[in-house]
Amino acid sequence: MEFTKEVVVPAALSEILGRIFSFLFDTFGRQAPGARDAHRRRLEQLLGNIGSMVEEAEGRHITNQQLLAHLKALTVGMYRGRFALEVTDLDDVSNADGEGADDDDATDAATAAAAAAVGKRSLSLRSSFNKAKRSRVTRLIFGGGGGAGDDDGAERLATAVEDLESLTRDYMREFIMLVQGYPRKVDRPVRTTLYMDRCVFGRHVEKERVVDFLLQRAPGGRAPYLSVLAVVGAKKVGKTTLVKHACDDERVRGHFARIEWFETPDVVRRGGRPDQTMWASGGPEYLAGVRRILGEPRFAAGRSLLVFEDAWPIDETAWSALAASPSALADGSKLLLTCRDADLGRLGTAEPVVLHALPQEEYWYYFKAFAFGGADPREHPRIAAVAREISGHLERTFLDARVLGTLLRANFDARFWRRVLAAIVQCERRPMHVGVLLELLPVSGRLQSYGYCRSPPKFTVQDVLSARAGGGGGGDAEDGFTIHLCRETLYMDHWYSITFKNDGAPPPPVLTI
């Protein structure tokens, strides 16, 4: 009896349960014939409907926060659905293409060396970079594919359909009716690549929150005398870009007589010594500089908007005393602070606007616009597979996508793209695009600085890659050389660049792409 209880009965129960689960899996787990196509058609229909709703809503001046929150959810869901559809299409094309790489690519010495480096350093990467992911990246660097089966594609489409249906099921008709009650925007020409579908990419709701604050009538004649909004977010997440788009809005430009920007070093020098750096300040000089700026007579002549970029930490008690004192600013003037410290958000008189990194699916479309331009990724399945992996490894910053995406589009070759992927996987330097360029550019100088400059640099990344700059960058042998990475023309015209200092080393060999 003991043998029966301890061995026979558990074995029999295990066999019975196994058969039951096998039957259920066979009955319900498999997609019915034609289900994949049905999911695709339904997803395309949902994406068409939601795309029309999003376009209509983004073309209106919406101020209701609940409507904006639902618009944000619709936008995120729309990009997830598009991503699911596109990934399924790319996997289908990759499978039909054979998923293999040409022998020339697979035996490329530079690519093989980069892939070997990935294998050696894979254990030092962040924990989320698991064994399966390392294997997939190594295959991509070597030239292999990474397609999904039919079952994976059907399940992906079914999940996307379910998510979008739940998103639109409840009160979509009411949402449309409420949106149509708001006035339409005045269309203006597109000015930068950050504008896609006539709005700032990925930040429409946040921009409307900033604009709504700026247009609100502030109570005058009583404390607090300052009307302040903080835009909080990590480095390179797009705080300044968001504020630039808000300031460029026709409603804001027509509302304020003067809009001025103040960077941290300038504010510190105004409150301290003319030659003082912000790193030599513990904070009092910055607050003193803000006080002096607010007291300038030119801001009393008309309604003004003052933007303090990368605001320095300020003592909350001292700031409260400043805000409680009568200000020389004209009535209706506003202050915007961009900062990384969430504690600075408490200095505002309104709930801070907090920026997070874009969802991965949404970021893919931003990156793809720079990397592919007008090309269809489905026509280049191997490159598209590498591109998706590159996008997944970037830290979802706008600048990484702009710099590296532009570089990839100028060198539209699978072997080069795999070399970039290998450099990204190995990169430990931040910003990531700087570390990747240090790996790729054949320069003999050492890195001196990177950032924005007022005049256009002489050379581009492509000049250096093709060695047209001459002698590893083409600068003065005693000084250095600056390479143009991208240009920003919205509100302030300046160039983002990277500068190398000549070290007297011989010029590097020409890099053949």
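Residues numbered from 1 in each chain as written. Predicted model: local features only at pLDDT ≥ 70, side-chain atom pairs only at ≥ 80, totals over all residues. Heavy atoms only, no water.

**Q** Would you mind showing me how to read the overall build of the protein here?
**A** The helix and strand tally for the protein stands at 20 helices and eleven strands. Taken over 513 residues, the protein has a buried fraction of 47%. Total accessible area on the protein stands at roughly 25300 Å², and carbon and sulfur atoms take up 52% of it. (Helix = DSSP H or I, 4+ residues; strand = E, 2+ residues; numbered from the N terminus. Buried < 20%, exposed > 50% of the residue type's maximum accessible area, 1.4 Å probe, protein only. Areas by Shrake-Rupley, 256 points an atom, 1.4 Å probe, with all protein chains shown as cover.)

**Q** Would you mind showing me how to read the sheet that holds strand β11 (residues 494–501) here?
**A** The strands making up a sheet associate through hydrogen bonds between their backbones, and the pairing can be parallel or antiparallel. The sheet built from four strands is open, its strands ordered β8-β11-β10-β9 with mixed pairing. A single partner strand is all that each edge strand has here, and the edge strands are β8 (446–453) and β9 (459–460). Sheet analysis places β8 next to β11, joined by seven bridges and oriented antiparallel. Along β11, the bridge assignment pairs Cys453 with Trp495. Strands β8, β10 (480–488) and β11 of the sheet are contacted by helix α17 (residues 398–410), whose axis makes an angle of about 110 degrees with β10. (Pairing = 2+ DSSP bridges. Contact = heavy atoms within 4.5 Å. Axes fitted to C-alpha atoms, helices over the stretch in contact; angles between N-to-C directions.)

**Q** What's the story with helix α14 (residues 316–323) in this structure? I'm lost.
**A** Given 3.6 residues per helical turn, the α-helix brings residues three or four places apart onto the same face. The set of residues buried in α14 consists of Trp319, Leu322 and Ala323. Within α14, the buried residues cover an arc of 95 degrees as seen down the axis, which keeps them to one side. Where α14 is buried, its residues meet β3 (228–233), α13 (284–294) and β6 (334–339). For α14, the side-chain oxygen to backbone nitrogen distance between the N-cap and Thr317 is 3.3 Å, and the N-cap itself is Asp315. (Arc of directions from axis to C-beta. Polar contact = N/O pair within 3.5 Å; in protein donor to acceptor, adjacent residues only side chain to side chain.)

**Q** Explain the environment of Asp163 here, please?
**A** For Asp163, the position within the fold is in helix α7 (residues 150–168). For Asp163, a relative accessible area of 46% translates into the label partly exposed. Spatially, the C-alpha atom of Asp163 lies 9.9 Å from that of Met78, the residues being 85 residues apart in sequence.

**Q** Help me understand the nonpolar core, please; the structure alone is not making it clear to me.
**A** Across soluble globular proteins, nonpolar side chains show a tendency to be buried alongside one another. Phe367, Ile390, Trp417, Val436, Leu441 and Ile483 are the most contacted members of the largest nonpolar core, which has 74 residues in total. Residues in contact with Val436, not counting those within four places in the same chain, are Leu404, Val420, Ala423, Ile424 and Cys427. By size, the runner-up hydrophobic cluster in this structure holds 27 residues, among which are Val268, Leu306, Trp312 and Leu347. (Core = buried A, V, L, I, M, F, W, Y, C linked by side-chain atoms within 4.5 Å.)

**Q** Sorry, what's going on with the sheet that holds β3 here?
**A** Spatially, the five strands line up as an open sheet ordered β4-β5-β6-β3-β7, and their pairing is parallel. The open sheet has two free edges, formed respectively by β4 (258–263) and β7 (353–355), since each of these has just one partner strand. On average, adjacent strands in this sheet sit at an angle of 15 degrees to one another, irrespective of strand direction. Sheet topology note: the strand β5 (residues 304–309)/β6 ladder contains four bridges and is parallel. Of the residues in β6, the one forming a bridge with Leu306 is Leu335. Packing against the sheet, helix α12 (residues 264–271) makes contact with β4 and β5, and its axis sits at approximately 85 degrees to β4. Along the sheet, α13 makes contact with β4, β5 and β6, crossing β5 at roughly 165 degrees.

**Q** Sorry, what's going on with the packing of aromatic side chains here?
**A** Geometrically, a pair of aromatic rings is defined through the distance of the ring centres and the angle of the planes. Counting across every chain of the model gives 13 aromatic pairs. Ring geometry for Phe262 and Phe299: centres 6.3 Å apart, planes at 75 degrees, overall edge-to-face. Separated by 37 residues along the polypeptide, Phe262 in strand β4 and Phe299 in the loop between α13 and β5 bring together distant segments of the chain. The buried category is assigned to Phe262, whose relative accessible area is 4%. These aromatic residues form a ring-pair network of at least three members: Tyr79, Phe201, Tyr365, Tyr366, Phe370 and Phe398. For the cation-ring pair, Arg82 lies above Tyr79, with the distance from its terminal atom to the ring centre recorded as 5.5 Å. Sitting above the plane of the Phe213 ring, Lys334 keeps its charged end 4.5 Å from the centroid. (Phe/Tyr/Trp six-rings, centres within 6.5 Å; stacked < 30°, edge-to-face > 60°. Lys NZ or Arg CZ within 6 Å of the ring centre and 35° of its normal.)

**Q** Mind showing me how you'd approach the side chain of Thr240 here?
**A** Mapped onto the secondary structure, Thr240 falls in helix α10 (residues 239–248). Using a relative accessible area of 18% as the deciding quantity, one classes Thr240 as buried. Apart from the residues lying within four places of it in its own chain, the contact partners of Thr240 are Trp261, Glu309 and Thr338.

**Q** How should the environment of Phe367 be read in this particular structure?
**A** Counting through the fold element by element, Phe367 comes out in helix α15 (residues 360–372). Relative accessible area serves as the criterion here: at 0%, Phe367 is assigned to the buried category. In the structure, Phe367 is positioned 36 residues away from Val403 in sequence and 9.8 Å away in space, judged by C-alpha atoms. In contact with Phe367, not counting residues within four places along its chain, are Ala387, Ile390, Ser391, Leu394, Ala401, Gly405 and Leu408.

**Q** Help me understand the pairing of β11, please; the structure alone is not making it clear to me.
**A** Regular strands place side chains that alternate from one sheet face to the opposite one. In terms of residue burial, β11 counts as a mostly covered element, since seven of its eight residues are buried. Of the pairings in the sheet, the one linking β10 to β11 comprises eight bridges and is antiparallel in character. Bridge assignment links Cys486 to a residue of β11, and that residue is Tyr496.

**Q** Explain the side chain of Arg60 to me, please; I cannot follow it from the model alone.
**A** Its location among the elements puts Arg60 in the loop between α2 (35–58) and α3 (65–97). Polar side-chain contacts of Arg60 include one of 2.6 Å to the side chain of Glu56.

**Q** Looking at this structure, how should I read empty space enclosed by the protein?
**A** Take a probe with the size of a water molecule and roll it over the atoms, and the empty space left behind shows itself. For the coordinates displayed, the defined rule picks out two cavities of 30 Å³ or more. Together, Tyr286, Val290, Phe308, Ile314, Trp319, Leu335 and Leu337 line the second largest cavity. Among the secondary structure elements, those contributing two or more residues to the lining of the second largest cavity are α13 and β6. Class assignment for the residues of the lining of the second largest cavity results in seven nonpolar, no polar and no charged. (1 Å grid on protein atoms, 1.4 Å probe; cavity = no way out; pocket = protein on both sides within 12 Å on 5 of 7 lines; lining within 4 Å. Points joined across faces, edges and corners; volume = space filled by probe spheres on them. Nonpolar A, V, L, I, M, F, W, Y, C, P; charged D, E, K, R; others polar.)

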